[in-house]
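These are the residues of each chain, in order.
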Amino acid sequence: MNKFSGNAHIECINPQCQAQYDVNETIFKCSKCGDLLDIKYNWNKIAVPAKMSDFGKRWASRNNALDFSGVWRFRELLNFCPDEHKVTLCEGQTILQKNDMLAEYLGIKKGRLHLQYEGLNPSGSFKDNGMAAAFSHAKMTGAKSCACASTGNTSAAVALYAHSIGIKCTVFIGSGRIAYGKLSQAMDYGAQTIQIRGDFDDCMKQVQSVCTKLNMYLLNSLNPFRLEGQKTIMYRIMEGLGWNVPDWIIVPGGNLGNSSAFGKAFAELKELGLINRVPRMAIINASGADTLAELVNKRGLKWNGGSVEEKIYRDYYAELTARNFSPHTCASAIEISRPVNLKKCLRAIDVCSGIVRAVPDEQIVDAKALIGKYGLGCEPASAATIAGLKVLLAEKIVRPDETVACVLTGHCLKDPTVTVEYHRDKKGLFSNPPIEANNDIDEIIRLMQ
Ligand code: F0G
C-alpha cells in the first residue's frame, strides 16, 4: 500500500518493514528499522515514454539544460522533484567507446567490448550523475550545509556541486588515503577538508554522526537520491548500443552504490516494459578490499527475498575489527571494507544474476595500462573491470561473443602517482618508462631508435 499520492516517495528496502516517508524528508536510514532506503515511483502518475529511444529525441533540444544533462534527459525515470529545483552542471556527457584493440587483446570478438567512460563528467568521475540528483533533493528540501566521507571522488563531486548552489560543504577523508588529483579538487572547489587519522570506513561512521548532530545534508551513496542519478549510466550505455541491453555490465565495487543503482535501473525498466531482458552484472573488488567477494562467494550471503542473513556479515565485520584490519589497495577509490550499500547490492546481484570477483593490484595496474594504451585511460579502481573481465573470460563465464560494457568510473588524471610509478619504475607488463637523455641531438636520435 502506498500512502503517498505524488510521483515518488521514500521506502525502506526491508520487506518486513517497508516504512514509507515523504520525498521531502531528509533521512538516510529507515527510522523504524535502520535499514537502507529506496526511492519508489507511482509509475501510473508519470508520463514515461513508450520506448527508451524516445529519450534520444531530447538531443534535438539540448539548448535546454535539462535536456542536455545526461541525467535529466531521462527525468521521467527519476521523477522525484519539480524542474525548478533540478540542479545540473552538464553531467553525463559521457561516451560508450567500442574498443576493438582491447577486445582483440582479451580475445573478445570485434565490436563486442565497450568502455563507458565516466571520467568525462565535470568533476572527472561517475559521482556527478548522483550529485545532480542528490543536490536537487538538497535544494528542494532547503539544505544549508552538506558533508560526505570519501576516498576522493565523492568529495570532489560534492565540493563542486555544493559551490554551484552556494551551500557550505565539509568532506571527510582518511589521512594519506586519497589520490592527489581528488584532494586537489576538494580544496580548489572550496570544501572544508577534514583529514581523519583513519580509513574510509572510519570517515563514513563519523560523517553519519556529524550529519545527524549538526543537521547537515549527507551526500554519500547511503543517500538514495544519489543512486537515482547513477541509474542513468545504464540508460546511456543502452543508448550507446542503439537502445539495446548488453549481455554484461562490469563495474568496480567499493561502497556498492553503483552496482545497487544499476540493479534498480534494470528492475524498473523491466517492470515498465521498456526492456525485455536484464543484463548480467559482474562486480569487481580489489583483493585488498574484498568484503563483497568474501561474503558472497565464501560465506554464501545473498538477498534471499530481502531476508538477508545479517549474522553472516556482522560476524565477518567483527572478525575484521578483532584483527584490526584496514583495507589496502592501489585502487584507493575502492579501499573500503564495510560497504554501506551491501544489502542493496545483494538485491542487484539477485536482479542481474550477478557475480563477484576480486583482483590483485598487479592485475589492476596492468589492466589500467592497457586501457591507457588502447583507450581513453582511467584511474586504478576503474581498471578493476578489465582485470575482472580477463578472469571471467578465463573462467569461461563471459563468452567471447557476448556484448560487454565496462564502466570506467574515473578519469585517468585522478591518480597520476600510481600511473607514473607504474611506468617509471617498470612495475608491470606494459610499463613505458621515460628515457633520460643529455641535451644532445645525436644522443637523442640514438636513444629514439
Ligand atoms: N570507482 C571510482 C573511481 C570510485 O571513486 C568509487 C567510489 C568506485 C569505483 C566504487 O563505487 O562505491 O559505487 O561501489 N568512490 C567513493 C568515493 C567511495 O568516496 O569517492 P561504489
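What comes next is a walk through the structure. Just so you know, these numbers come straight off a predicted model, no measurement behind them. (Residues numbered from 1 in each chain as written. Predicted model: local features only at pLDDT ≥ 70, side-chain atom pairs only at ≥ 80, totals over all residues. Heavy atoms only, no water.)

**Quick word on the packing of aromatic side chains**
Okay, so step 1: Scanning all chains against the criterion turns up 11 aromatic pairs.
Okay, so step 2: Taking 5.5 Å as the distance between ring centres and 85 degrees as the angle between the ring planes, the aromatic pair formed by phenylalanine 28 and tyrosine 217 counts as edge-to-face. Here the residue phenylalanine 28 occupies a position in the loop between strand S2 (20-21) and strand S3 (37-41), and tyrosine 217 occupies one in strand S9 (residues 217-218), the gap between them amounting to 189 residues. When sorted by exposure, phenylalanine 28 lands in the same class as tyrosine 217, which is buried.
Okay, so step 3: Between tyrosine 105 and phenylalanine 430 the ring centres are 5.9 Å apart and the planes differ by 80 degrees, which places this aromatic pair in the edge-to-face class. Placement of the pair is tyrosine 105 in helix H2 (residues 100-106) and phenylalanine 430 in the loop between helix H15 (416-424) and helix H16 (441-448), with a sequence separation of 325 residues.
Okay, so step 4: Residue classification places tyrosine 105 among the partly exposed residues on the basis of a relative accessible area of 36%.
Okay, so step 5: Here arginine 347 stacks its cationic end above the ring of tryptophan 303, 5.9 Å away from the centre of that ring. (Phe/Tyr/Trp six-rings, centres within 6.5 Å; stacked < 30°, edge-to-face > 60°. Helix = DSSP H or I, 4+ residues; strand = E, 2+ residues; numbered from the N terminus. Buried < 20%, exposed > 50% of the residue type's maximum accessible area, 1.4 Å probe, protein only. Lys NZ or Arg CZ within 6 Å of the ring centre and 35° of its normal.)

**Here's the deal with the layout of surface pockets**
Any space left empty among the atoms is revealed by the rolling of a water-sized probe across them.
Okay, so step 1: Considered as a void within the structure, the largest pocket measures approximately 790 Å³ in volume.
Okay, so step 2: Lining the largest pocket are 25 residues, with Lys29, Tyr317, Arg338, Pro339 and Val340 sitting closest to its centre.
Okay, so step 3: Among the elements that take part in the lining of the largest pocket, helix H11 (residues 310-322) stands out by supplying six residues, more than any other.
Okay, so step 4: Taken together, domain 1 (1-46) and domain 2 (95-122 + 226-424) each give at least three residues to the lining of the largest pocket, which thus spans both.
Okay, so step 5: In this structure, the second largest pocket occupies an estimated 310 Å³ of space.
Okay, so step 6: For the second largest pocket, the lining is made up of 16 residues, of which Thr26, Phe28, Cys211, Thr212 and Met216 are closest to its centre.
Okay, so step 7: Put simply, the parts of the chain that give the lining of the second largest pocket at least two residues each are helix H6 (200-214) and S9.
Okay, so step 8: Ranked by the residues each element gives to the lining of the second largest pocket, the list is headed by H6, at three residues.
Okay, so step 9: Each residue belonging to the lining of the second largest pocket can be placed in one class, and the counts come to eight nonpolar, six polar and two charged. (1 Å grid on protein atoms, 1.4 Å probe; cavity = no way out; pocket = protein on both sides within 12 Å on 5 of 7 lines; lining within 4 Å. Points joined across faces, edges and corners; volume = space filled by probe spheres on them. Domains from an automatic or database assignment. Nonpolar A, V, L, I, M, F, W, Y, C, P; charged D, E, K, R; others polar.)

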